[in-house]
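Fold and contact review
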Amino acid sequence: MFEYVVYGLAISSDVALPQLNPLESPENLEGCPCVRLRLKPPQYQRIHAAEWFHSYAAPDGRPALRQAKVAGGYLLSFPDLADFFVAQNGLEVTCCWPYAHGSIETICHLALDQVIPCVANLLGLLALHATAVLTPHGVCGFMGSSGVGKSTLAASFDLAGYPAFCDDCLVVVERGREMLAEPGYASVRLWEDSARSLLGESAADHPALGHYTNKRGVEGAAAADTLTIPRRRTPLVAIYHLTREVPDKADGESGAASKHQAPQREAPSIAELSAREVFAQLLRTTYRLDTTDQAMLRREFKALHSLVDRIPVRRLHLPSDFDALPAVREIVLNDLARIGR
């Protein structure tokens, strides 16, 4: 078995997870719940659900993830990719059906980046669909709708010497008056255009996540003398809700710059959000396994209130331009410096 710690969980896997650093010593567990992954069991056994209690749709409208209660636990189904069984107590996860392809890369990606965040929720942790980077001020999180640019922004921070702390799953725990972020892993997942824009020809050197997507797992892009991700919980200092406006495709010159005029470049900006806006955005961002679990919902509600009370959450407007990323980093770092005073 391969042993790891990620998102505040101790992971024991029958398959190596190359994104994660192997567990160095039992001391690093720090009381973490221990979850056993069986991603390549000796025999697969398909589980059928009588009723799905929740379904997430892909941008094209097709179901991307369906969740159901089954005997002994939960079924998480990624149609045409893989199905996973999660035990009722959250401590065992099994790939019960790999469909036709059997791609272990795809199965590992789904388990680590989709199933484990839901397991963290089941085990009582606040798991946010957010990406984060490590700065000299502490951990800074980015949340927002799918495709808004969370991972691209994190990758640009990484290349500038502020490494990725986690991608798509930010686990936050409360300790006294502090809100702490549990370490993820120093890799982000980028679409081809983002990877090429940031990395040039070397984008092809980074592996695809699975057979079904052209997203690449980009890690180790930062220089050797930059910050390194700690293995322990680290203070969370701020979260930014990312927004981005896509320019209208107007006909002629109506609503757009004339072909004889240079288009004005958008500038990044940061704005305050009300507590109500912050809470609403965080509710949309939280991973949930069992949406019918009233005790979980009460626990999550309390954790989100603590987060809103103690951590600034602000709107960060992103220009639709890769060349604007240095300006975005600068405005964020300046804001973090002000928060830390």
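Up top you'll find the structure we're talking about.
Description of the structure in this document.

What counts and how
Residues numbered from 1 in each chain as written. Predicted model: local features only at pLDDT ≥ 70, side-chain atom pairs only at ≥ 80, totals over all residues. Heavy atoms only, no water. Salt bridge = Lys/Arg side-chain N within 4 Å of Asp/Glu carboxyl O. Helix = DSSP H or I, 4+ residues; strand = E, 2+ residues; numbered from the N terminus. Buried < 20%, exposed > 50% of the residue type's maximum accessible area, 1.4 Å probe, protein only. Core = buried A, V, L, I, M, F, W, Y, C linked by side-chain atoms within 4.5 Å. Contact = heavy atoms within 4.5 Å. Polar contact = N/O pair within 3.5 Å; in protein donor to acceptor, adjacent residues only side chain to side chain. Phe/Tyr/Trp six-rings, centres within 6.5 Å; stacked < 30°, edge-to-face > 60°. Axes fitted to C-alpha atoms, helices over the stretch in contact; angles between N-to-C directions. Parallel < 35°, antiparallel > 145°, perpendicular 65-115°, else oblique. Bend = angle between axes of the 7 residues up to and from the residue. Pairing = 2+ DSSP bridges. Expected span 1.5 Å × (residues − 1). Arc of directions from axis to C-beta.

**Details of the pattern of salt bridges**
- As enumerated under the stated definition, the model contains 9 salt bridges in all.
- In this structure, the salt-bridge partner of glutamate 92 is arginine 38, at a minimum N-O distance of 2.9 Å. One end of the pair, glutamate 92, is in strand 8 (residues 92–97); the other, arginine 38, is in strand 3 (residues 34–38), with 54 residues separating them in the sequence.
- Note on arginine 38: relative accessible area 23%, which makes it partly exposed.
- The shortest N-O distance in the salt bridge between aspartate 290 and lysine 69 comes to 3.5 Å. With aspartate 290 in the loop between helix 4 (275–285) and helix 5 (294–310) and lysine 69 in strand 5 (residues 63–70), this residue pair connects regions lying 221 residues apart in the sequence.
- On the basis of relative accessible area, lysine 69 is assigned to the partly exposed category, the value being 49%.
- Connected through shared salt-bridge partners, Glu272, Arg314, Asp335 and Arg338 make up one network.

**Details of the nonpolar core**
- Phe84, Leu128 and Leu307 are the most contacted members of the largest nonpolar core, which has 65 residues in total.
- Counting residues per element, this core draws most heavily on helix 1 (residues 104–122), which supplies 11 residues.
- Ignoring anything within four residues of it in the chain, the contact list for leucine 307 reads Leu126, Leu128, Val172, Met179, Leu236, Ile239 and Leu282.
- Membership of the second largest hydrophobic core comes to 23 residues, among which are Val133, Leu153, Leu190 and Leu325.

**Here we look at unusual backbone geometry**
- Of note in the backbone geometry, tyrosine 7 takes a positive phi value of approximately 55° without being a glycine.
- On the secondary structure map, tyrosine 7 appears in the loop between strand 1 (2–6) and strand 2 (9–13).
- Even without a glycine there, the phi angle at aspartate 80 is positive, about 70°.
- In this structure, aspartate 80 sits in the loop between strand 6 (73–78) and strand 7 (82–87).

**A look at the environment of alanine 100**
- Along the chain, alanine 100 falls in the loop between strand 8 and helix 1.
- On a C-alpha basis, the gap between alanine 100 and leucine 81 in space is 8.1 Å, while along the polypeptide they are 19 residues apart.

**Points about the side chain of threonine 286**
- Mapping threonine 286 onto the fold places it in the loop between helix 4 and helix 5.
- Take threonine 286: its relative accessible area is 7%, and that puts it in the buried class.
- In terms of polar contacts, threonine 286 uses its side chain to reach the backbone carbonyl oxygen of leucine 282, at 2.8 Å.

**Remarks on the packing of aromatic side chains**
- Under the criterion given, the structure shown has 5 aromatic pairs.
- Summarising the aromatic geometry, the rings of phenylalanine 78 and phenylalanine 84 are spaced 6.0 Å apart at their centres and angled 85° between planes, so their arrangement reads as edge-to-face.
- In this structure phenylalanine 78 comes out as buried when scored by relative accessible area, which is 4%.
- A relative accessible area of 0% means that phenylalanine 84 is categorised as buried.

**Structural notes on the packing of helix 2 (residues 150–159) against helix 6 (residues 325–339)**
- Interaxial distance between helix 2 and helix 6 falls to 10 Å at its minimum, and their mutual angle equals 80°. One element, helix 2, and the other, helix 6, form an angle in the roughly perpendicular class. Between helix 2 and helix 6, the residues in contact are Thr152, Leu153, Ser156 and Phe157 and Leu325, Val328, Arg329, Val332 and Leu333, respectively.

**With respect to the environment of alanine 130**
- The topology assignment puts alanine 130 in strand 10 (residues 130–135).
- Alanine 130 gets classed as buried once you look at its relative accessible area, which sits at 1%.
- Along the primary structure alanine 130 and leucine 170 are separated by 40 residues, whereas in three dimensions their C-alpha atoms are 5.4 Å apart.
- Setting aside its immediate chain neighbours within four residues, alanine 130 contacts Phe142, Met143, Cys166, Asp167, Asp168, Cys169 and Leu170.

**A closer look at helix 1**
- By the largest-angle criterion, valine 115 marks the main kink of helix 1, which is about 40°, and a proline, proline 117, follows within four residues.
- Summarising burial for helix 1: 16 of the 19 residues are buried, a large majority.

**Observations concerning the sheet that holds strand 4 (residues 54–57)**
- Spatially, 1-2-3-8-7-6-5-4 is the arrangement adopted by the 8 strands of the open sheet, whose pairing is mixed. At either margin of the open sheet sits one strand with a lone partner, and together these are strand 1 and strand 4. When the angles between neighbouring strand axes are averaged without regard to direction, this sheet yields 20°.
- Most of the contacts of helix 1 go to strand 7, to which it runs at about 30°, and overall it touches strand 1, strand 2, strand 3, strand 5, strand 6, strand 7 and strand 8.

**Some thoughts on helix 6**
- Compared with the 21 Å implied by 1.5 Å per residue over 15 residues, the 21 Å span of helix 6 between its first and last C-alpha is a close match.
- What helix 6 keeps buried is the set Leu325, Val328, Arg329, Val332, Leu333, Asp335 and Leu336. All buried residues of helix 6 lie within an arc of 160° about the axis, which places them on one face of the element.

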